[in-house]
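A look at the structure
Below are the chains, spelled out letter by letter.
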Amino acid sequence: MNIQDFKTTDTRQIFYLEDESRIGGVLLLKFPLLDKTGIVEHGFTTRMGGVSRGIFSTLNVSYTRGDDVSAVDENYRRIARSLHAEVSDFVLSDQTHTTNIRKVTRKDCGKGILRDRDYHDIDGLITDEPGIVLAAFFADCVPLFFVDPVHHAAGISHSGWRGTIGRMGRETVCAMQAAYGSRPEELVCAVGPSICQSCYEVSEDVAARFLEEFPGAGRELCEPALPGKYQLNLWKANERVLLEAGIRPEHLAVTNICTCCNDKLLFSHRASQGRRGNLGAFIKLV
């Protein structure tokens, strides 16, 4: 597999695929913009390179969807190798479509994967400690990556439609400001692979909430479709949230890869009607 195998909404070179198979790792989608900071390892998984079977094939990273636990364990070992980390370095979110964010320290390592989490309802993770792998999970919702090259901090957040209305991107920026002194204009951010506007049909009440939260956005965010239905642009909404939070346009990469359009390569809740595994977004300070 290579990057040309993905259907994209335009020709921008937002991602590349780093092949770590030579050391027993997996293919990860990566942002050159985040790499340029020089202080993080990061990646977004595909469906390829793991050992899960059936609807979870092959690189499922969820322990809660019915997959064989030993298969998920092996998938994490392979991802860890690709990130030059150990499984014991991972800290997993506990996503429930909130805008809650947890400040992660070395004491949290292994939570959600080797030991139980002592936190709940956490859709964002931030840290300033090197070596910790922050992990969040997706199958159409929007992954948000954050890097502060000045104060040496990083974050990862999950933003579905509820999180986007709640401005999860802004909340993560504010959390990094409070915890580490991060300044929005210094942050480098990315909006990761997720469902595109053409694939994401929502009800009129959801569309109305978006138009209320983002006045003046109109068709850019909510395109009328069938009667009572709209096509929602989560990419553009999260881009707007981050820019309004103070992120500089040149410090922001916005995806052009749709999970639903690429359901053979990426897990998509909509395309599979819920019969699927999860993708993972990971970031680690070095």
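The structure under discussion appears in the preceding block.
These figures come from a predicted structure and were not determined experimentally.

Quick word on the side chain of Asn256
Mapped onto the elements of the fold, Asn256 is located in the loop between strand 14 (252-254) and helix 7 (269-272). Overall, the relative accessible area of 1% leaves Asn256 in the buried class. Here Asn256 is in contact with Lys7, Thr8, Thr9, Asp10, Arg12, Ile14, Phe15 and Trp235, once residues within four sequence places are set aside.

With respect to the sheet that holds strand 14
In a beta sheet, neighbouring strands pair by backbone hydrogen bonds and run either parallel or antiparallel. As summarised here, the arrangement of the six strands in space is 5-6-9-8-10-14, forming an open sheet in which the pairing is mixed. Whereas interior strands pair on both sides, the edge strands pair on one side only; in this sheet they are strand 5 (101-103) and strand 14. Between one strand and the next, the sheet's axes are offset by a mean angle of 10°, whatever the strand orientation.

As for the pattern of salt bridges
Under the defined criterion, the tally for this structure stands at 19 salt bridges. Lys30 serves as the salt-bridge partner of Glu18, at 2.5 Å between the closest nitrogen and oxygen. Of this pair, Glu18 sits in strand 1 (residues 16-19) while Lys30 sits in strand 2 (residues 27-30), and the two are twelve residues apart along the sequence. A salt bridge links Lys111 to Asp108; the shortest N-O distance between them is 2.7 Å. In terms of burial, Lys111 and Asp108 fall into one category: buried.

Things to note about the packing of aromatic side chains
Each aromatic ring pair is specified by the distance between its two centres and by the angle formed by the two planes. Summed over the entire model, instances satisfying the criterion amount to seven aromatic pairs. Taking the centre distance of 5.7 Å and the plane angle of 65° together, the rings of Phe31 and Phe145 count as edge-to-face. With Phe31 in the loop between strand 2 and helix 1 (32-35) and Phe145 in strand 8 (residues 142-148), the pair connects residues that are 114 residues apart, well separated along the chain. Judged on exposure class, the residue Phe31 and its partner Phe145 are both buried. Ring geometry for Phe44 against Phe138: centres 6.2 Å apart, planes inclined by 45°, an arrangement best described as tilted. Placement of Phe44 in strand 3 (residues 40-45) and of Phe138 in strand 7 (residues 133-138) is noted, with a sequence separation of 94 residues between them. Exposure remark for Phe138: the relative accessible area of 2% places this residue in the buried category. Ring pairing ties together the aromatic residues Tyr63, Tyr76, Phe90 and Phe282, which thus form one cluster.

Criteria and cut-off values
- Sequence order sets the numbering: in each chain, residues are counted from 1 along the sequence as written.
- It should be noted that, the model being predicted, local features are given only for residues of pLDDT at least 70 and side-chain atom pairs only at 80 or more, the latter also being counted only at that level, while totals for whole chains, interfaces and linings use all residues.
- Computation of side-chain values: all heavy atoms of the structure, hydrogens and water removed.
- A run of H or I in DSSP counts as a helix once it spans at least four residues, and a run of E counts as a strand once it spans at least two, with each numbered from the N terminus.
- Exposure categories follow from relative accessible area, calculated using a 1.4 Å probe and restricted to protein chains: below 20% of the type maximum is buried, above 50% is exposed, and the middle band is partly exposed.
- In this description, contact between two residues means that some pair of their heavy atoms is separated by no more than 4.5 Å.
- Note: two strands are recorded as paired if DSSP finds a minimum of 2 bridges between them.
- Axis lines are fitted to C-alpha atoms, over the contacting stretch for helices. Their N-to-C directions set the angle, which ranges from 0 to 180 degrees.
- In the sections that follow, a salt bridge refers to a side-chain nitrogen of Lys or Arg positioned within 4 Å of a carboxyl oxygen of Asp or Glu.
- Planes of paired rings set the category: under 30 degrees apart is stacked, over 60 is edge-to-face and the rest tilted, where pairs are Phe, Tyr or Trp rings (Trp by its six-membered ring) whose centres lie within 6.5 Å.

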